[in-house]
Amino acid sequence: MRVLIKNDEQSVAAFAAEYIACRIKGHTGEAPFVLGLPTGSTPFKTYARLVEMYREGRVSFANVVTFNMDEYVGLDREHPQSYHRFMWDNFFGLVDIKPENANILDGMALDLAEECARYEKKIQWYGGIDLFMGGIGTDGHIAFNEPFSSLNSRTRVKTLTQETIESNSRFFGGDTSQVPREALTVGVGTILSAKEVLILATGSAKATAVKMGVEGAYNHKWTVSALQTHPHGILVIDEPAAGELTVNTYRYFKEIEK
């Protein structure tokens, strides 16, 4: 696992945007570049930078297919806090991606299990995901793969932990009763099947999760630790998120990236 320690949140976003744009522009052949994407506060600045790069003519999403990580169960796609709405308001609606190429799980599907199976099949139909970007929760979860999720899991319905509900309540006016209790999410195995995985973590609240993901054992309590096994896994963090790494670990990753 490669760990990049940047000065601040803005530097993390700038690196992630440049990395994604570079991979898209370097993609050859007629097949589209397949990009996995998250929602939430962590990638917000990355999306803003990608929109800027698109407007500057530095990257196009015309030949990109995306698959989002997750969606709340029971929220209509036009709900202000649905991930469908988030993506179209903050990214898809601001670049040249074809609407039919932006894939997001349907939290209102009548058969949620079938919706998850369909999503996995569609990813496989495209030949898998070239690059999956994601963030991590304070408890170390990636996508909605909460602690003790299987590290071989695939897209499925997950019950959210109270910690996640409380953390996400900030998007629901601070009212935990308004946060859905379930979500559809790609699995850890789905993420690890991507050719590259780029995970972002910013802020001191993520410091413990970063420490456990980098220095802790590979285990299902901290699902981000699964990144340790990926041949092309990158964790990009800012200084506050690196705050609990041991001195030797911090120095090693700073030195090796000089």
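Please refer to the structure higher up on the page.
In this text, all values refer to a predicted model and were calculated from it rather than measured experimentally.

Lay out the pairing of strand 3 (residues 64-68) in plain terms, naming residues and giving numbers.
With five of five residues buried, strand 3 is to be regarded as a mostly interior element. Of the pairings in the sheet, the one linking strand 2 (residues 33-37) to strand 3 comprises five bridges and is parallel in character. Residue pairing in the sheet places Val34 in a bridge with Val65 of strand 3. For the segment spanning strand 2, helix 2 (residues 44-55) and strand 3, crossover handedness is right-handed.

Kindly report on the packing of aromatic side chains, identifying the contributing residues and their values.
On inspection of all chains with the given rule, the structure shows 14 aromatic pairs. Seen in terms of ring centroids, Phe67 and Tyr119 are 5.4 Å apart; in terms of plane orientation they differ by 80°. Their pairing is edge-to-face. Here Tyr119 lies in helix 4 (residues 112-125) and Phe67 lies in strand 3, a separation of 52 residues in the sequence. On the basis of relative accessibility, which here comes to 0%, the residue Phe67 falls in the buried class. For Tyr119, a relative accessible area of 0% corresponds to the buried category.

Any details on the pairing of strand 6 (residues 131-135)? Residues and values, ideally.
Counting buried residues in strand 6 gives five out of five residues, a clear majority hidden from the surface. The side-chain alternation of strand 6 yields two buried faces, one formed by Leu131, Met133 and Gly135 and the other by Phe132 and Gly134. Where strand 2 and strand 6 come together, two bridges link them in parallel fashion. Note that in strand 6 the partner of Leu35 across the bridge is Leu131. Pairing analysis gives five bridges linking strand 6 to strand 9 (residues 196-201), with the strands arranged parallel. Pairing of Met133 across the sheet is with Leu198, part of strand 9.

Tell me what's going on with unusual backbone geometry, and back it up with residues and numbers.
Notably, Ala143 is not glycine yet its phi reads approximately 55°, a positive angle. Here Ala143 is to be found in the loop between strand 6 and strand 7 (156-159). Ala143 sits in the buried class, given a relative accessible area of 8%.

Account for the pattern of salt bridges, naming residues and giving values.
For the structure shown, the criterion picks out 14 salt bridges. A salt bridge links Glu56 to Arg58; the nearest nitrogen and oxygen atoms lie 3.8 Å apart. When its relative accessible area of 48% is taken as the criterion, Glu56 is described as partly exposed. Owing to a relative accessible area of 30%, Arg58 belongs among the partly exposed residues under this scheme. In this structure, Asp89 engages Arg85 in a salt bridge whose closest nitrogen and oxygen atoms are separated by 2.9 Å. Note that Asp89 and Arg85 are positioned in helix 3 (residues 83-90) at a spacing of four residues, about one turn of the helix. When salt bridges with common partners are traced through the structure, they connect Glu18, Arg49, Glu52, Glu56 and Arg58 into a single cluster.

Rules behind the numbers
Residues numbered from 1 in each chain as written. Predicted model: local features only at pLDDT ≥ 70, side-chain atom pairs only at ≥ 80, totals over all residues. Heavy atoms only, no water. Buried < 20%, exposed > 50% of the residue type's maximum accessible area, 1.4 Å probe, protein only. Helix = DSSP H or I, 4+ residues; strand = E, 2+ residues; numbered from the N terminus. Pairing = 2+ DSSP bridges. Right-handed = clockwise from strand over helix to strand, strands pointing away. Phe/Tyr/Trp six-rings, centres within 6.5 Å; stacked < 30°, edge-to-face > 60°. Salt bridge = Lys/Arg side-chain N within 4 Å of Asp/Glu carboxyl O.

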